[in-house]
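Overview (structure and organization)
Here's the letter readout for the chains.
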Amino acid sequence: MYNKFFGLAEAPFNITPDSRFLFLSDRHREALSALLYGIQERKGFILLTGEIGSGKTMLSRALVNDLKNEDVRVAVILNPVLSELELLKAINDEFEIPSYYNTKKGLIDELNRFLIAENQRGANVAILIDEAQNLTPELLEQIRMLSNLETESAKLLQIVLIGQPELNETMRLPGLTQLNQRVTVRYHITPLTREEM
């Protein structure tokens, strides 16, 4: 690409979300509050949607930074195009859980032991899955099964699905009715107004 100001060739623009530069419009502030509320109150499933470029990834990074000030362990999955086994391994890796098993049952058992230990010490645990519109119905069902890891009185795992609007369409598939019903916090980010721009 040619830069007309300096007369130099330069690489195409590559914008990386940096939460230090987050502009909190009213909707972004509401979205961040909804995410924090869902995790702090242990609501289980939380869904954040928005069009491409609406600030979903930026908000998720701001959320992770905000949660560092609290006793919340967070796993961030940025590339959910994985097999069911790979997704479980990625989650356990994010939590630094040593994996001694190569089966779904073994990995879930390891995760469950970790969640119980964190709960006993008063900590909260969350998984953020970005680009969740790329999850297959089978992976979404496996994620729903992870939400069954709970005590009689508390959700041990808060799961935040972040994706483009087509994620809502996937969630409405007949085979995902149980998952869709478990989403307790939903927020859709709309574009900035002219005044905000």
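Calculation criteria
- Residues numbered from 1 in each chain as written.
- Predicted model: local features only at pLDDT ≥ 70, side-chain atom pairs only at ≥ 80, totals over all residues.
- Heavy atoms only, no water.
- Salt bridge = Lys/Arg side-chain N within 4 Å of Asp/Glu carboxyl O.
- Helix = DSSP H or I, 4+ residues; strand = E, 2+ residues; numbered from the N terminus.
- Buried < 20%, exposed > 50% of the residue type's maximum accessible area, 1.4 Å probe, protein only.
- pLDDT = per-residue confidence, 0-100.
- Contact = heavy atoms within 4.5 Å.
- Pairing = 2+ DSSP bridges.
- Right-handed = clockwise from strand over helix to strand, strands pointing away.
- Expected span 1.5 Å × (residues − 1).
- Axes fitted to C-alpha atoms, helices over the stretch in contact; angles between N-to-C directions.
- Parallel < 35°, antiparallel > 145°, perpendicular 65-115°, else oblique.
- Left-handed = near helix turned anticlockwise from the far one by under 90°.
- Nonpolar A, V, L, I, M, F, W, Y, C, P; charged D, E, K, R; others polar.

Describing the pattern of salt bridges
According to the stated counting rule, one finds seven salt bridges in the structure shown. E118 is the partner of R73 in a salt bridge, and the nearest nitrogen-oxygen pair spans 3.6 Å. On the criterion of sequence distance, the pair formed by R73 in strand β4 (residues 72-77) and E118 in helix α4 (residues 104-120) is long-range, its members being 45 residues apart. You can call E118 buried: its relative accessible area is 8%. Here K155 and E150 are joined by a salt bridge, their closest N and O atoms 3.0 Å apart.

Remarks on the confidence of the model for the protein
Taken as a whole, the protein shows an average pLDDT of 87; of its residues, 88% reach a score of 70 or greater. Counted against residues more than four places away or in other chains, residues 4-9, with its pLDDT under 50, gives five contacts.

Some points on the pairing of strand β5 (residues 124-129)
The buried fraction of β5 amounts to six of the six residues, a majority that puts the element mostly inside the structure. Here β5 shows a buried face lined by N124, A126 and L128 and a second buried face lined by V125, I127 and I129. Relative to β5, β4 runs parallel, the two sharing six bridges. Bridge assignment links A75 to a residue of β5, and that residue is I127. As judged from the four bridges shared by β5 and strand β6 (residues 158-163), these two strands associate in the parallel manner. Within the sheet, the bridge partner assigned to A126 lies in β6 and is Q158. Once the chain exits β5 it traverses helix α5 (residues 137-146) before rejoining the sheet at β6, and the crossover so formed is right-handed.

Describing α4
An α-helical turn contains 3.6 residues, so any two residues separated by three or four positions project in the same direction. With 17 residues, α4 should cover 24 Å at 1.5 Å per step; its first-to-last C-alpha distance of 24 Å lies within 8% of that length. Buried residues of α4: G106, L107, E110, L111, F114, L115 and E118, and no others. Buried positions along α4 lie against β4, α3 (84-94), β5 and α5. The positive-phi residue at the C-terminal boundary of α4 is G122, with phi of around 85°.

A few points about the sheet that holds strand β7 (residues 183-189)
Within the open sheet, the five strands sit side by side as β4-β5-β6-β3-β7. Their pairing is parallel. The outermost strands of the open sheet, each flanked by one partner alone, are β4 and β7. Taken pair by pair, the neighbouring strands of this sheet meet at an average axis angle of 15°, ignoring direction.

Remarks on the packing of α3 against α4
Running from amino to carboxyl end, α3 crosses α4 at an angle of 25°, the nearest separation of the two axes being 10 Å. Classified by the angle between their axes, α3 and α4 sit roughly parallel to one another. Helix-helix and strand crossings are classified by hand; for α3 and α4 the assignment is left-handed. Here α3 contributes E84, L85, L88, K89, I91 and N92 to the contact with α4, which in turn contributes K104, L107, I108, E110 and L111. Residues of the contact of α3 with α4, tallied by class, amount to six nonpolar, one polar and four charged.

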